[in-house]
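Residues per chain, in single letters:
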Amino acid sequence: VFLFCFIVFPWFGMDIGGTLVKLVYFEPKDITAEEEQEEVENLKSIRKYLISNVAYGSTGIRDVHLELKDLTICGRKGNLHFIRFPTQDMSVFLQMGRDKHFSSLHTTLCATGGGAYKFEPDFRMMADLQLQKLDELDCLIKGVIYIDSVGFNGHSECYYFENPTDPEHCQKIPCNLGNPYPLLLVNIGSGVSILAVYSKDNYKRVTGTSLGGGTFLGLCCLLTGCTTFEEALEMASHGDSTKVDKLVRDIYGGDYDRFRLPGWAVASSFGNMISKEKRETVSKEDLARATLVTITNNIGSITRMCAVNENINRVVFVGNFLRINTLSMKLLAYALDYWSKGQLKALFLEHEGYFGAVGALLELLDSA
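Being a predicted model, the structure only gives us computed values, none of them experimental. (Residues numbered from 1 in each chain as written. Predicted model: local features only at pLDDT ≥ 70, side-chain atom pairs only at ≥ 80, totals over all residues. Heavy atoms only, no water.)

Draft legend 1. Structural view of the pattern of salt bridges. Under the criterion given, the structure shown has 15 salt bridges. K204 is the partner of E310 in a salt bridge, and the nearest nitrogen-oxygen pair spans 3.1 Å. With E310 in helix α11 (residues 284–310) and K204 in strand β13 (residues 202–209), this residue pair connects regions lying 106 residues apart in the sequence. Residue classification places K204 among the partly exposed residues on the basis of a relative accessible area of 39%. Here E230 ties to R323 by a salt bridge, and the two come within 3.1 Å at their closest N and O atoms. With E230 in helix α8 (residues 229–237) and R323 in the loop between β16 (314–318) and α12 (326–339), this residue pair connects regions lying 93 residues apart in the sequence. Owing to a relative accessible area of 35%, E230 belongs among the partly exposed residues under this scheme. Among the residues examined, R323 registers a relative accessible area of 10% and is labelled buried. Within the structure, one salt-bridge network assembled from shared partners comprises R62, E67 and K69. (Salt bridge = Lys/Arg side-chain N within 4 Å of Asp/Glu carboxyl O. Helix = DSSP H or I, 4+ residues; strand = E, 2+ residues; numbered from the N terminus. Buried < 20%, exposed > 50% of the residue type's maximum accessible area, 1.4 Å probe, protein only.)

Given below as structure tokens:
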């Protein structure tokens, strides 16, 4: 089926990260009777498989709540679907592609992320598919700008938290990025990249840290015996990190007034675990919470320094570490506001980890 921009269906964008593969699929809703007649069975089968399922195998998930409806892309009207699965299950995905005769559709698969390079031979060998490899940071920025511009089914894509540490008064407030530049974009995946974005074509990677979502999950697996991100977050939500971390008040008996360090601030992450007695009293939930707080505080601290150095006061956090992770988002919101004395506001986006895949899809259509 040829389109107004001469790209063959199906339309996919793919971001192959270190932990998760993110896939976006454009489902056309304006197919004419003539097009439907010409449509090959393989294409119908793929569309039916993707749209009629919310789970694929044991680990693939379609995030139905993120679906974007009635988009017009490249002159076609349709819905955008968001699918993810663990990178370690790539062979299962490729087998599915082979079983569904994906290569017979003669479509180009645009892919970004490190896995686009790592798995390129497997795509060719196992599924007879050619990958068009794209830069992940270009795709990330392109995806963020596009999704923010179309909105989230009539709602705002962007939001922030008011009163993040007060359970009774904490509110999620919609926010329009509008003209977002300059922007500090903090992408938290397996590791973290921090970008200073001055326009859609002008950005630089300021720095990053290897302590990201992969670190949180890896340490939680070691410390608690959990096996999934969801399990680790569930444990963290019931834990108390102050039993694990050494706070300023544990050292000073209160605040460190001279440098305005409050007694509740963490002086040493996991510092209490030096003590055998304290090690024996902590739960797995406490350890999970302390791991989450350690990773999140480190990201917040580096982000604040970058914002100051680059003289940028608009900070947007994205990436799959933030999926279902309200704890970290509220921590980041509070930390940035507190340590910057109200100068920095942490902004978040509803489609967290999918922007690279969206950018890859847009690159596919732009190349028409």
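Draft legend 2. View of the packing of aromatic side chains. Throughout the structure, instances matching the rule amount to 21 aromatic pairs. Ring geometry for Y49 and Y56: centres 5.5 Å apart, planes at 55 degrees, overall tilted. On the basis of relative accessibility, which here comes to 22%, the residue Y49 falls in the partly exposed class. Classification of Y56 as buried rests on a relative accessible area of 11%. Sitting above the plane of the Y159 ring, K172 keeps its charged end 4.2 Å from the centroid. Here the basic side chain of K345 rests over the ring of Y160, its NZ or CZ set 4.2 Å away from the ring centre. (Phe/Tyr/Trp six-rings, centres within 6.5 Å; stacked < 30°, edge-to-face > 60°. Lys NZ or Arg CZ within 6 Å of the ring centre and 35° of its normal.)

Draft legend 3. Molecular detail of the nonpolar core. Within the largest apolar cluster, 68 residues are counted, with the highest numbers of intra-cluster contacts made by M14, M90, F123 and L185. Residues from two domains meet in this core; each of domain 1 (11–139 + 355–367) and domain 2 (158–240 + 284–349) gives at least three. If near-sequence neighbours (up to four positions away) are discounted, L185 is found in contact with L140, I141, V144, S193, I194, L195, V197, V316 and V318. By size, the runner-up hydrophobic cluster in this structure holds 37 residues, among which are I295, F321, L332 and L336. (Core = buried A, V, L, I, M, F, W, Y, C linked by side-chain atoms within 4.5 Å. Domains from an automatic or database assignment. Contact = heavy atoms within 4.5 Å.)

Functional significance is not addressed by these values, which are geometric in nature.
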